[in-house]
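Structural features, examined
Letter by letter, the chains look like this.
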Amino acid sequence: MAKKPPLTAKTADRHALYQEAVQCTEADVRFIDRVYRKRYDRAPLTLREDFCGTGLLATEWVKSKAERVAFGVDLDREVLAWGQAHNVDPLGESRGRVLLQRGNVLTPKRPQVDVQVAFNFSWWVFHERSVLLEYFKAARASVRKDGLFMLDIHGGYEATKSLKEKKRRKGFVYQWEQGVFNPIDHRITCYIHFEFKDGSKMRRAFTYDWRWWSVMEARDLLREAGFSSTEVYCEGTEKESQEGNGAFRHVQRCDNDPSFVAYIVAVP
Ligand SMILES: C[S@@+](CC[C@H](N)C(=O)[O-])C[C@H]1O[C@@H](n2cnc3c(N)ncnc32)[C@H](O)[C@@H]1O
C-alpha cells in the first residue's frame, strides 16, 4: 500500500485533526455507561450530544451497542455535514441510529433521552447567568425521569492563566492557547493551533470565546433549573508524573490542583 503523504497545513482537515487531538469518545461512552448503570441498574440506550460538532460521540455511542440510538445538536451546518459524511455515513447499516440535527441547545428537545451531554466545555459559550439557566432548564426538560445530564468542566488556578501547551500527535502538533482572562466578567478566549512536520502552521483553527464557570456556579444553576441533585467526578492522578490518569471518581472534595478536569452529573 502506498504510504500516506505527510500532513501539511494545506492538506490537513481541521475537523479530523480536532477529533484526533481533543476527543476520547470511547472513554466518554465508558463513563456515561458506568455512571448511568450504577444509578438505574440498566444500560442507557438513548443519548443526545449537545454542541455535537462532528457528532463523533454520537457515532461512538451507537457503535457500542446494537440497541443504542443517538441524537446530535449543533448550530453549524458545515460541521454537521462534515460529521454526517465522515462519521455517520461510514457506519453503514447503523447510520440510521444517529440523527444529527441543526438546532439551538437552548430549545428543549424530543424525544426525552436517557442521557444528554455537553462535553469539551462547550456550554462555556454562554456568558450570561440567565442564558446558562435557560440551557440547563432545556436540558432538564429533554431528559427522562430516569435520565441524567452530564457536563464536563475545567478548573484550578491554571484554568484562567494565559498559557500555551503543545502535544505531539501522529503527523502533527496540537497547541492549546489560553488568552487573557478578565476577572471582572470571567471572559477568556482560547485557540487551537496545529503545526506540521514541514514547518507549516494552521493558526487559530478553532477559537473559543468563553466564560469561565466554576463547579459551584454550575451546580447551583443546575439545582435552580430543577435537577434534584448533582454529583462531581474528579480525575485521579498518576503517582509519578502527577498527570491525570483518566479514572474519574465520585468525590465530595478533591485536591486544589493547578489544573483539573471533572464531570458534573445532574439527576432529574
Ligand atoms: C467545541 S465544539 C464541540 C465539539 C464536540 N462536541 C466536542 O465535544 O469536542 C462546540 C460546538 O458548539 C456549537 N454551538 C455553539 N453554540 C451553540 C448553540 N447555542 N446550540 C447548538 N450548538 C452550538 C458550535 O457550532 C460548535 O460546533
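Predicted model, so just to flag it, every value in this text is computed and none were measured.

Around the ligand, a shell composed of 17 residues is seen, among which Tyr-18, Phe-51, Asp-74, Asn-104 and Asn-120 lie nearest. Val-105 is positioned with one of its backbone polar atoms (N or O) 3.1 Å from a nitrogen atom of the ligand. Relative to its unbound accessible surface of 600 Å², the ligand loses 84% to contact with the protein. Class assignment of the residues belonging to the shell around the ligand gives a composition of 8 nonpolar, 6 polar and 3 charged.

This paragraph deals with the pattern of salt bridges. Within the structure shown, the criterion is met by 14 salt bridges. The partner of Asp-114 in a salt bridge is Arg-42, and the shortest N-O contact between them spans 2.8 Å. Pair noted here: Asp-114 is in strand β4 (residues 113-118) and Arg-42 is in the loop between α2 (25-40) and β1 (46-50), with a separation of 72 residues, a long-range link. Relative accessible area serves as the criterion here: at 27%, Arg-42 is assigned to the partly exposed category. Beyond isolated ion pairs, a larger network of salt bridges with shared partners links Arg-42, Asp-114, Arg-144 and Asp-146.

Time to look at the sheet that holds strand β8 (residues 187-196). Read from one edge to the other, the open sheet built from 4 strands follows the order β6-β7-β8-β9, with strand pairing classed as antiparallel. Edge positions in the sheet fall to β6 (163-169) and β9 (201-211), since each of these pairs with one other strand and no more. Going across the sheet, the axis of each strand differs from the next one's by a mean of 15°, ignoring polarity. Both β6 and strand β7 (residues 172-182) contribute to a ladder of 7 bridges, which runs antiparallel. By the bridge assignment, Lys-167 is partnered in β7 with Tyr-174.

Thresholds, definitions, all that
Residues numbered from 1 in each chain as written. Predicted model: local features only at pLDDT ≥ 70, side-chain atom pairs only at ≥ 80, totals over all residues. Heavy atoms only, no water. Near = heavy atom within 4 Å. Polar contact = N/O pair within 3.5 Å; in protein donor to acceptor, adjacent residues only side chain to side chain. Areas by Shrake-Rupley, 256 points an atom, 1.4 Å probe, with all protein chains shown as cover. Nonpolar A, V, L, I, M, F, W, Y, C, P; charged D, E, K, R; others polar. Salt bridge = Lys/Arg side-chain N within 4 Å of Asp/Glu carboxyl O. Helix = DSSP H or I, 4+ residues; strand = E, 2+ residues; numbered from the N terminus. Buried < 20%, exposed > 50% of the residue type's maximum accessible area, 1.4 Å probe, protein only. Pairing = 2+ DSSP bridges. Axes fitted to C-alpha atoms, helices over the stretch in contact; angles between N-to-C directions.

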